[in-house]
Amino acid sequence: MTDPNDDLFSAARSVIPGGVNSPVRAFGSVGGTPRFLTSASGPRVTDAAGREYVDLVASWGPALVGHAHPEVVAAVQEAAARGLSFGAPTEGEVELAALIADRVRLGDVRPIERVRLVSTGTEATMTAIRLARGATGRDLLVKFAGHYHGHSDGLLAEAGSGVATLALPGSAGVPAPIAAQTLVIPYNDPDAFAAVFAEHGPRIAAVIVEAAAANMGVVAPLPGFNRLIADTAHAHGALMILDEVLTGFRVHPAGYWGLQREAGEEYIPDIIAFGKVVGGGMPLAALGGPAEIMDLLAPLGPVYQAGTLSGNPLSVAAGLATLRLATPDVYAHIDAASVRLASALDAALSAAGVTHAVARAGSLFNPSFRATAPRDYVEAQAQESFRYRPFFHSLREQGVALPPSVFEAWFLTAAHGDEELGLIEAALPAAAEAAAAATLDAR
């Protein structure tokens, strides 16, 4: 009797390029057959063979309150009963935009006055860049090697996420003149950052940066680095685009910016991009900033952006329900669970004698198979990544679902309780031993 996952993957490859609709899902870096999921509830997912796993992917972040939370599902069902899409404004859009703007504030500091809803994180960052160029009248963009900001042209050079997983330098199909508008420099390197502005400052429209890198593994910004980005950009008349597609509303009620602000790192980004949690698992993303910048978007201004499904009522309903459920208690629970699980991961790998570091940024973490946590893309790539394959499969066989790439963060949810954390902790020693036994040429 064959595994239904194998049959589905075979069928998928006959009609879908590579059998998947997003490259990292193909299990290319870990080997084996991807799991075709049929359902999810709370902290667990179930595959086509009926096998259940404790989930550490959380739909790559959106499932902050757990999969299929009853209140989120009910909100989507109620919205669906009224109509799937209108192509017209809805009251929910106004509520969600206001909620986003209200959450991203600390005290009197409020970096967002206007919000534009879109459908994907790629759309959010693409629009943010167009808006920055329209606001400054400049062309050049600065990005950091290993940071992933979606798959729009000009952003795939030395990118993270699937690009890192597949070891691609960029993407075919991007014309050289477009790629040349993006200046790629090392992350967490103040000297390289100063040098790019010294050479190109008057032509730079914006710097785009993940609030905390989480697509080349978790790589937190060095203390003061995000503030340096904002201060330097503003001194040269450029804008700072803070990409919180992954971290926004995931690590703090006000995103990673809020986490840093509470810790005393004061800076104000010009445009913030959101995704993942803001849509509660449905296709929705957003960008926000001060009125003077955001009002440059059409129909008020000359910077064009549009989308038939922007602000889709089902997605808006899921986003509203999720953000309303994301209370301080939710964040405290996830923070405590991440500390517990990161400590267990570190202990298991240490006991097995595996060279490693557990990299963290807020509640996000993942193992890096090198002696110290990476500070940039070069260091993230310079690890014994071959150890992740057996580590991944050992945990999967014990009922724990990890991201199928060493370059992705692990995600916990408010639904992960003592039982689920205990199951993961019990599975880690065998997985660590599998990593210790791995060899570079193992397949």
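Details of the sheet that holds strand S9 (residues 271-274)
Reading across the sheet, the seven strands line up as S4-S10-S9-S8-S7-S5-S6 and stay open at both edges, with mixed pairing between neighbours. In the strand order of this sheet, the two ends are held by strand S4 (114-118) and strand S6 (182-185), each with one partner. With strand direction ignored, the average angle separating the axes of adjacent strands in the sheet is 20°. In this structure, strand S5 (residues 140-144) lies alongside strand S7 (residues 204-210), joined through three bridges in parallel fashion. Along S7, the bridge assignment pairs Leu141 with Ala206. Each of S5, S7 and strand S8 (239-244) is contacted by helix H8 (residues 225-235), which is oriented at about 150° to S8, the strand it contacts most.

Details of the nonpolar core
Grouped together as the largest cluster of nonpolar side chains are 100 residues, with contacts concentrated most on Ile100 and Phe391. Here the element with the most residues in this core is helix H12 (residues 328-351); it accounts for 10 residues. In this structure, Phe391 is in contact with Leu345, Leu349, Pro367, Phe369, Leu402, Trp410, Leu428, Ala431, Ala432 and Ala435, ignoring residues within four places of it in sequence. Listed in part, the 21 residues of the second largest apolar core include Leu141, Ile241, Ala285 and Leu297.

Focus on the packing of helix H2 (residues 70-82) against helix H11 (residues 313-325)
Contact geometry of H2 with H11 gives a least axis separation of 8 Å together with a crossing angle of 155°. Classified by the angle their axes make, H2 and H11 are roughly antiparallel. When the axes of H2 and H11 are compared, the crossing they make is right-handed. Every residue of H11 that contacts H2 at Glu71, Val72, Ala75, Val76, Ala79 and Ala80 is listed here: Pro313, Leu314, Ala317, Ala318, Ala321, Thr322 and Leu325. Of the residues that constitute the contact of H2 with H11, the class distribution is 11 nonpolar, one polar and one charged.

Overview of the packing of aromatic side chains
Per the stated rule, a full pass over the model turns up 14 aromatic pairs. Ring geometry for Phe369 against Phe391: centres 6.2 Å apart, planes inclined by 75°, an arrangement best described as edge-to-face. You can see Phe369 sitting in the loop between strand S12 (364-368) and helix H13 (377-381) and its partner Phe391 sitting in helix H14 (residues 388-397), a full 22 residues away along the chain. Across the pair, Phe391 and Phe369 agree in class, each one buried.

Section: the environment of Met216
Within the secondary structure, Met216 is located in the loop between S7 and H8. Residues Met216 and Ser405, 189 residues apart in the sequence, show an inter-C-alpha distance of 9.5 Å. Ignoring sequence-local partners within four residues, the contact set of Met216 consists of Ala145, Gly146, His147, Tyr187, Asp376, Tyr377, Ala380 and Phe407.

Notes on helix H15 (residues 418-437)
Between its first and last C-alpha, H15 extends 30 Å over 20 residues, near the 28 Å set by a 1.5 Å rise per residue. The sharpest bend along H15 measures roughly 35° and falls at Leu428, with the proline Pro429 sitting one to four residues further on. Of all the positions in H15, only Glu420, Leu421, Ile424, Ala427, Leu428, Ala431, Ala432 and Ala435 are classed as buried.

A look at the pairing of strand S10 (residues 285-289)
Burial within S10 is extensive, with five of its five residues counted as buried. Of the two faces of S10, both are covered, the one formed by Ala285, Leu287 and Gly289 as well as the one formed by Ala286 and Gly288. Here S4 runs beside S10; their pairing, made up of five bridges, is antiparallel. Bridge pairing in S10 places Arg114 opposite Gly289.

Calculation rules
Residues numbered from 1 in each chain as written. Predicted model: local features only at pLDDT ≥ 70, side-chain atom pairs only at ≥ 80, totals over all residues. Heavy atoms only, no water. Pairing = 2+ DSSP bridges. Helix = DSSP H or I, 4+ residues; strand = E, 2+ residues; numbered from the N terminus. Axes fitted to C-alpha atoms, helices over the stretch in contact; angles between N-to-C directions. Contact = heavy atoms within 4.5 Å. Core = buried A, V, L, I, M, F, W, Y, C linked by side-chain atoms within 4.5 Å. Buried < 20%, exposed > 50% of the residue type's maximum accessible area, 1.4 Å probe, protein only. Parallel < 35°, antiparallel > 145°, perpendicular 65-115°, else oblique. Left-handed = near helix turned anticlockwise from the far one by under 90°. Nonpolar A, V, L, I, M, F, W, Y, C, P; charged D, E, K, R; others polar. Phe/Tyr/Trp six-rings, centres within 6.5 Å; stacked < 30°, edge-to-face > 60°. Expected span 1.5 Å × (residues − 1). Bend = angle between axes of the 7 residues up to and from the residue.

So, to be careful, I would describe these as geometric facts and stop short of saying anything about function.
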